[in-house]
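Observations on chain architecture
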Amino acid sequence: MICWRPGCRYCRRLRFRPGRDARRGHWADIWRGPAAAAVRAVADGNGTVPTVVLPDGEAYVDPDPEWVRERL
């Protein structure tokens, strides 16, 4: 799951730099739904985005777009 919010330039970079591979990710808007809780749990209570939560539960705040592309 890739947690993002509208207007975030870092989220936009993460969405477009990996190209078509970005479509394979599940994108969750933290302003619409429970994704905000996942982000706050990882980022010490802050709504820091982009945050990527891998299927094994490990989470990364503001990862490199190439790193994300390799894992999609």
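Residues numbered from 1 in each chain as written. Predicted model: local features only at pLDDT ≥ 70, side-chain atom pairs only at ≥ 80, totals over all residues. Heavy atoms only, no water.

**Focus on the sheet that holds strand E3 (residues 51-53)**
In sheet architecture, strand pairing relies on hydrogen bonds along the backbone and comes in two forms, parallel and antiparallel. Cut-off, in case you're wondering: Paired strands, as defined in this entry, are two strands with at least two bridges between them according to DSSP. Each helix corresponds to a stretch of at least 4 residues labelled H or I by DSSP, and each strand to a stretch of at least 2 residues labelled E; elements are numbered beginning at the N terminus. Here the axes come from fitting lines to C-alpha atoms, over the contacting stretch only for helices, and the angles between their N-to-C directions go from 0 to 180 degrees.
Pairing in this open sheet of 4 strands is mixed, and the strands run E2-E1-E3-E4 from one edge to the other. The open sheet has two edge strands with one neighbour each: strand E2 (27-29) and strand E4 (59-61). On average, each strand axis in the sheet is inclined to that of its neighbour by 20°, with strand direction left out of account.

**Structural notes on the side chain of Asp29**
Filter applied, for reference: Partly exposed residues are those whose accessible area sits between 20% and 50% of the maximum for their type, while under 20% is buried and over 50% is exposed, using a 1.4 Å probe and protein chains only. Polar contacts, as used here, are pairs of N or O atoms within 3.5 Å; protein pairs need one atom able to donate a hydrogen and one able to accept it. Residues neighboring in sequence count only if both atoms are side-chain atoms. Throughout, a contact is declared for two residues whenever any of their heavy atoms are within 4.5 Å.
If you trace the backbone, Asp29 turns up in strand E2. Residue classification places Asp29 among the buried residues on the basis of a relative accessible area of 12%. Within the local environment of Asp29, its side chain forms a polar contact with the backbone nitrogen of Trp31, the two atoms lying 2.8 Å apart. For Asp29, the residues in contact, after removing those within four places along its chain, are Trp4, Arg5, Pro6 and Ala35.

**Brief notes about the environment of Trp67**
Along the chain, Trp67 falls in helix H3 (residues 65-71). On the accessibility criterion, Trp67 (18% relative accessible area) is buried. Residues in contact with Trp67, not counting those within four places in the same chain, are Val52, Leu54 and Tyr60.

**Here we look at the nonpolar core**
Selection criterion: What is meant by a nonpolar core is a set of buried Ala, Val, Leu, Ile, Met, Phe, Trp, Tyr and Cys residues, joined one to another through side-chain atoms within 4.5 Å.
Membership of the largest hydrophobic core is limited to 9 residues, which are Cys3, Cys8, Cys11, Ala28, Ile30, Ala35, Ala36, Val39 and Val49. Considering each element in turn, this core owes the most residues, 3 residues, to helix H2 (residues 35-42). With 8 residues, the next largest nonpolar core counts Ile2, Ala22, Trp27 and Val68 among its residues.

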